[in-house]
Amino acid sequence: MTQAAAPLSLSPSRRILRALAVLACLPYISLKIAWVAGSEIGIPAGSALLEHRTLLIVANSVSVVMDAVVVVLALLLTRPWGRRVRAWLLAFPLWAATGLLSPIMIGFPAQLAVSLVTGPPKPVAGGEPFLDDWVFGVVYGGFIVQGLALGTLFVLYVSDRWSHVWRGTLGDLPARLCGTGTRVTAVVASLVALVPAAVHLVWALGSTHGLSPAQIARRTDDFYVLEWTRAAFVAVAVVTVLLLVLQRARSWPVRTVLAFAWVGSGGVGCWGAYMLLVTFMPDTDPDKTFTGLAQLTYAGEMITGFLLAGCLAVFLHRRSASA
């Protein structure tokens, strides 16, 4: 992408957003550092988290580094030196941050809304505690603030530097902006997506096929909300990327389709990769072992998301050059 000549304007609102993004990281990072140091704050007795001390240290150390990246991104989006960062170096961490935060920003409020109607989730009979309830509120609340603040800074940054990329409608795009290879890749990704979309849909409708005994026992309203959310992300990602690369729905604004494609592909790819990694975590209880279908589902999401992201990268590069 080419860099616009307009200088970066650090208004008071951007300073506030940057401060919010940084401050919202502190609860999560503080908890993770405390757990690495040996504290059990927020972890009830009998939690599975206490069974693998080394794994807890490694996983939480990685989590601290990942959330610290949010701080770096908040600075990058608001400091003059951030304007000199190449597009390809900036795009992936922001796409990943979008992908990891957006499902939480949608799913957690949806879970809270459902609980207002159905009541709080009932404890699973004989189930082991995982974390104290307040931890989820503090951590996910922080994630939502991070997403809102960082997302707004990202939109402002892109508007300053690359607003030409999303101007107009799909009908204004040059003919065959994306080549045959990109279009084929998008179609292949949509075919791969059929597996995770179908599995999440049947799980959302109540089927237990492909779930471990532990997952079956832990199904609450929260579980179903997340499954509907995951299925929706797959559908949105596939449809919007296909619209971009095949240049359909020509009256639709590029800005809108591009935004949904960015968020959707990130949510599918990054959460698919995260959940696939979780399935390989060691566990001595066979009832908690993920099934092959679950692993296939998460792998399909990861592959779909990254293939769609590749198509999106080609579109952005060519759109920037053509504009």
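Analysis parameters
Residues numbered from 1 in each chain as written. Predicted model: local features only at pLDDT ≥ 70, side-chain atom pairs only at ≥ 80, totals over all residues. Heavy atoms only, no water. Helix = DSSP H or I, 4+ residues; strand = E, 2+ residues; numbered from the N terminus. Buried < 20%, exposed > 50% of the residue type's maximum accessible area, 1.4 Å probe, protein only. Areas by Shrake-Rupley, 256 points an atom, 1.4 Å probe, with all protein chains shown as cover. Lys, Arg positive; Asp, Glu negative; His and termini not counted. Charge placed at Lys NZ, Arg CZ, Asp CG, Glu CD. Phe/Tyr/Trp six-rings, centres within 6.5 Å; stacked < 30°, edge-to-face > 60°. Axes fitted to C-alpha atoms, helices over the stretch in contact; angles between N-to-C directions. Parallel < 35°, antiparallel > 145°, perpendicular 65-115°, else oblique. Left-handed = near helix turned anticlockwise from the far one by under 90°. Nonpolar A, V, L, I, M, F, W, Y, C, P; charged D, E, K, R; others polar. Salt bridge = Lys/Arg side-chain N within 4 Å of Asp/Glu carboxyl O. 1 Å grid on protein atoms, 1.4 Å probe; cavity = no way out; pocket = protein on both sides within 12 Å on 5 of 7 lines; lining within 4 Å. Points joined across faces, edges and corners; volume = space filled by probe spheres on them. Contact = heavy atoms within 4.5 Å. pLDDT = per-residue confidence, 0-100. Core = buried A, V, L, I, M, F, W, Y, C linked by side-chain atoms within 4.5 Å. Disulfide = S-S within 2.5 Å. Arc of directions from axis to C-beta.

### Re the overall build of the protein chain
Part 1 of the reasoning: Looking only at helices and strands, one finds ten helices and zero strands in the protein chain.
Part 2 of the reasoning: Along the protein chain, helices and strands appear, N-terminal first, in the series α-α-α-α-α-α-α-α-α-α.
Part 3 of the reasoning: Counting only C-alpha atoms, the protein chain reaches 60 × 45 × 40 Å along its principal axes.
Part 4 of the reasoning: With 323 residues in all, the protein chain has 42% of them scored as buried.
Part 5 of the reasoning: As displayed, the protein chain has an accessible area near 15,800 Å², and 71% of this comes from carbon and sulfur atoms.
Part 6 of the reasoning: Between the averaged position of the 23 positive side-chain charges in the protein chain and that of its 15 negative side-chain charges there is a distance of 22 Å.

### Concerning the packing of aromatic side chains
Part 1 of the reasoning: Tallied over the full model, the rule gives eleven aromatic pairs.
Part 2 of the reasoning: Here W271 and Y274 contribute two aromatic rings whose centre-to-centre distance is 5.1 Å and whose plane-to-plane angle is 80°, an arrangement assigned as edge-to-face. Within this pair, W271 and its partner Y274 are both found in helix α9 (residues 254-279), separated by three residues, close to a single helical turn.
Part 3 of the reasoning: In this structure W271 comes out as buried when scored by relative accessible area, which is 18%.
Part 4 of the reasoning: Look at Y274 and you get partly exposed, because its relative accessible area is 42%.
Part 5 of the reasoning: These aromatic residues form a ring-pair network of at least three members: Y28, F108, F136, Y140 and F143.

### Some remarks on the packing of helix α3 (residues 87-118) against helix α4 (residues 133-162)
Part 1 of the reasoning: Where α3 meets α4, the closest approach of the two axes is 9 Å, and the angle between their N-to-C directions is 140°. Considered as vectors, α3 and α4 are oriented oblique to each other. In the crossing of α3 with α4, the sense of the turn from one axis to the other is left-handed.
Part 2 of the reasoning: The class makeup of the residues in the contact of α3 with α4 is 18 nonpolar, three polar and one charged.

### Details of the pattern of salt bridges
Part 1 of the reasoning: By the definition in use, this model includes two salt bridges.
Part 2 of the reasoning: When the shortest N-O distance is used, the salt bridge between D160 and R14 registers 2.9 Å. With D160 in helix α4 and R14 in helix α1 (residues 12-36), this residue pair connects regions lying 146 residues apart in the sequence.
Part 3 of the reasoning: With a shortest N-O distance of 2.7 Å, E301 and R230 are connected by a salt bridge. With E301 in helix α10 (residues 292-322) and R230 in helix α8 (residues 221-246), this pair connects stretches of sequence that are 71 residues apart.

### Describing the layout of surface pockets
Part 1 of the reasoning: Roughly 1,200 Å³ of volume is contained in the second largest pocket.
Part 2 of the reasoning: If you trace the second largest pocket, you find 42 residues lining it, with L94, W95, T98, F154 and W262 closest to the centre.
Part 3 of the reasoning: Take the lining of the second largest pocket: its biggest share by element is 13 residues, from α3.

### A short note on the packing of α3 against α8
Part 1 of the reasoning: Contact pair α3 / α8: the axes reach a minimum separation of 9 Å and the direction vectors enclose 140°. Considered as vectors, α3 and α8 are oriented oblique to each other. For the pair α3 and α8, the crossing hand works out as right-handed. Residues S102, P103, I106, G107, A110, Q111, V114 and T118 of α3 form the contact with α8, whose own contacting residues are D221, D222, V225, L226, T229 and F233.

### Remarks on the confidence of the model for the protein chain
Part 1 of the reasoning: Looking at the protein chain, the pLDDT average stands at 88 and 93% of residues meet or exceed 70.
Part 2 of the reasoning: Confidence drops under a pLDDT of 50 for residues 1-7, and excluding neighbours within four residues, the segment shows 18 contacts in the predicted structure.

### With respect to the nonpolar core
Part 1 of the reasoning: Counting residues in each nonpolar core, the largest one holds 55 residues, and the members touching the most others are L77, L244, L258 and F315.
Part 2 of the reasoning: Where this core is concerned, the elements lending two or more residues are α1, α2 (53-76), α3, α4, α5 (180-192), α8, α9 and α10.
Part 3 of the reasoning: No other element matches the nine residues that α8 contributes to this core.

### Here we look at the state of the cysteines
In protein chemistry, a disulfide is the covalent bond that joins the sulfur atoms of two cysteines.
Part 1 of the reasoning: Taken as a whole, this structure holds zero disulfides when the rule is applied.
Part 2 of the reasoning: Distance from the sulfur of C178, which forms no disulfide, to the nearest cysteine sulfur (C311) is 7.6 Å.
Part 3 of the reasoning: Counting only cysteine sulfurs, C311 is the nearest neighbor of C270, a cysteine outside any disulfide, at a range of 16 Å.

### Regarding helix α6 (residues 194-204)
Part 1 of the reasoning: All of the buried residues in α6 are P196, V199, H200, W203 and A204. The buried residues of α6 all sit within an arc of 135° when viewed along its axis, so they share a single face.
Part 2 of the reasoning: Close packing links the buried residues of α6 with α5, α8 and α10.
Part 3 of the reasoning: Just downstream of α6, G206 is the residue with a positive phi angle, here 110°.

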